[in-house]
Amino acid sequence: MLSKPATLLLGIIYEKPLNAYEITKLLSYMNIKWWFNIADSTVYATLKKLEKKGYIEGTIEKIGNMPDRTVYSLTEKGEDELKETIKESIRQFNYDTNIFTIAAFLMEILEKEEMKRLLEERLHILQSYLNGINKQDNELWEREVPAAHAANLKRMIDIVNAEISGTKRLLSVCGEERRDEE
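Cut-offs used in this document
Positions within a chain are numbered from 1, following the residues in the order the chain's sequence is written. Residues qualify for local features only when their pLDDT is at least 70, as the model is predicted, and side-chain atom pairs are given and counted only at 80 or more; totals for whole chains, interfaces and linings, by contrast, use all residues. Calculation of side-chain values draws on the structure's entire complement of heavy atoms; hydrogens and water are dropped beforehand. For the purposes of this entry, the term helix denotes a DSSP run of H or I that reaches at least four residues, the term strand denotes a run of E that reaches at least two, and both are numbered from the N terminus. Throughout this description, buried means an accessible area under 20% of the type-specific maximum (1.4 Å probe, protein chains only), exposed means over 50%, and partly exposed covers the range between. Polar contact criterion, stated in full: a pair of N or O atoms within 3.5 Å, where within protein one must be able to donate a hydrogen and the other to accept it, and residues adjacent in sequence count only if both atoms are side-chain atoms. Should any heavy atoms of two residues lie within 4.5 Å, those residues are considered in contact. Planes of paired rings set the category: under 30 degrees apart is stacked, over 60 is edge-to-face and the rest tilted, where pairs are Phe, Tyr or Trp rings (Trp by its six-membered ring) whose centres lie within 6.5 Å. The term salt bridge refers to a pairing of a side-chain nitrogen on Lys or Arg with a carboxyl oxygen on Asp or Glu at a separation within 4 Å. Strands qualify as paired when DSSP identifies two bridges or more between them. Simply put, an axis is a line fit to the C-alpha atoms, just over the touching stretch for a helix, and the angle between two N-to-C directions goes from 0 to 180 degrees. Within the patch definition used here, like charges are joined within 9 Å and nonpolar side chains (Val, Leu, Ile, Met, Phe, Trp, Tyr) within 5 Å, considering only residues with over 30% relative accessible area and no salt bridge. Only the protein chains shown count as cover for residues, with accessible areas throughout obtained via the Shrake-Rupley method and a probe of 1.4 Å. Think of a nonpolar core as a cluster: buried Ala, Val, Leu, Ile, Met, Phe, Trp, Tyr and Cys residues, connected wherever their side-chain atoms sit within 4.5 Å.

Enquirer: Can you walk me through the side chain of asparagine 98 in this structure?
Expert: Of note, asparagine 98 is situated in helix H5 (residues 98-106). Under the relative-accessibility criterion, asparagine 98 is labelled buried at 17%. In terms of polar contacts, asparagine 98 uses its side chain to reach the backbone carbonyl oxygen of tryptophan 35, at 3.2 Å. What asparagine 98 contacts, discounting residues up to four positions off in sequence, is Lys4, Trp35 and Phe36.

So, in structure tokens, the structure goes:
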């Protein structure tokens, strides 16, 4: 499974080949830093790692008097790994919600029926988590543990409920046409 930065970068390159500078500008324009803070240095280092693994390939371009630039495009191996990472990220629950946020941001790469199936599977997983946490949430347990433990358990319930709500929202738009197809 790819790292979060690698997943995000492959997803951006999936849309169209770009150079590192264009990618950093696009990330800035999209205000991604407000939900996933990825430094420019991480972008450049991750691109090099992805190229070394054969997930992307760089082509040197010369435009006028400008310095040479490397434009990255996704390889078949990279596309396969990206799709597999998106699927795995949807099928799992992690309290680091950025993993799913990145996958949800890129999930339209997948076929609609597969997106729907994966989101339904995620809902089932989330409900299992919620059921498990709720078993622990009782007055007797709360009296026996420090108040911070009890408060943290409630926080975990809030996070799972938010993920359930967000997953249902994504599921509700699975059948809708993409804006650029309208």
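The rest of the description comes next.
Enquirer: Whenever I open this one, the packing of aromatic side chains confuses me. Can you help?
Expert: The geometry of an aromatic ring pair is captured by two quantities: the separation of the ring centres and the angle between the planes. Taken as a whole, this structure holds 4 aromatic pairs when the rule is applied. Relative to phenylalanine 36, the ring of tryptophan 35 lies with its centre 6.5 Å away and its plane at 35°, an arrangement referred to as tilted. Assessed through its relative accessible area of 8%, phenylalanine 36 is described here as buried. Taken together, a centroid distance of 4.7 Å and an interplanar angle of 75° make the contact between phenylalanine 93 and tyrosine 95 edge-to-face.

Enquirer: What is the right way to look at the pattern of salt bridges in this model?
Expert: Side chains carrying opposite charge are able to pair once their charged atoms draw close together. Tallied over the full model, the rule gives 13 salt bridges. Residue lysine 4 is joined to aspartate 96 by a salt bridge in which the shortest nitrogen-to-oxygen separation is 2.5 Å. Highlighted residues: lysine 4 in helix H1 (residues 4-15) and aspartate 96 in the loop between helix H4 (76-91) and H5, separated in sequence by 92 residues. According to the relative accessible area criterion, lysine 4 is partly exposed, its value standing at 26%. Among the residues examined, aspartate 96 registers a relative accessible area of 28% and is labelled partly exposed.

Enquirer: Would you take a moment to explain the sheet that holds strand S1 (residues 18-19) for this structure?
Expert: Note: strands within a sheet are paired through backbone hydrogen bonds, in either parallel or antiparallel orientation. Read from one edge of the open sheet, 3 strands run S1-S3-S2, paired in antiparallel fashion. Strands at the two margins of the open sheet, each flanked by one partner only, are S1 and strand S2 (56-61). Here S2 runs beside strand S3 (residues 69-74); their pairing, made up of 6 bridges, is antiparallel. Following the sheet pairing, threonine 59 is matched in S3 by valine 71. With respect to the sheet, H1 is in contact with S1, S2 and S3, its orientation differing from that of S3 by roughly 90°.

Enquirer: Looking at this structure, I do not really get a nonpolar patch on the surface. What am I missing?
Expert: Taken together, Tyr29, Met30 and Phe105 make up a surface patch of nonpolar side chains, about 350 Å² in accessible area. Turning to its location among the elements, phenylalanine 105 is positioned in helix H5.

Enquirer: Where do I start with unusual backbone geometry in this structure?
Expert: Outside of glycine, negative phi angles account for most residues, and trans bonds account for most peptide bonds. Residue asparagine 31 is not a glycine yet carries a positive backbone phi of 55°. On the accessibility criterion, asparagine 31 (40% relative accessible area) is partly exposed.

Enquirer: Just to check I follow, could you spell out the nonpolar core for this structure?
Expert: Across soluble globular proteins, nonpolar side chains show a tendency to be buried alongside one another. One finds Ile23, Leu27, Leu47, Ile86 and Ile90 to be the most contacted residues of the largest nonpolar core, which totals 50 residues. Counting only elements with at least two residues in this core, the list comes to H1, helix H2 (20-29), helix H3 (40-52), S3, H4, H5, helix H6 (112-136) and helix H8 (147-172). Here isoleucine 23 is in contact with Leu9, Ile12, Ile13, Leu18, Val43 and Leu47, once residues within four sequence places are set aside.

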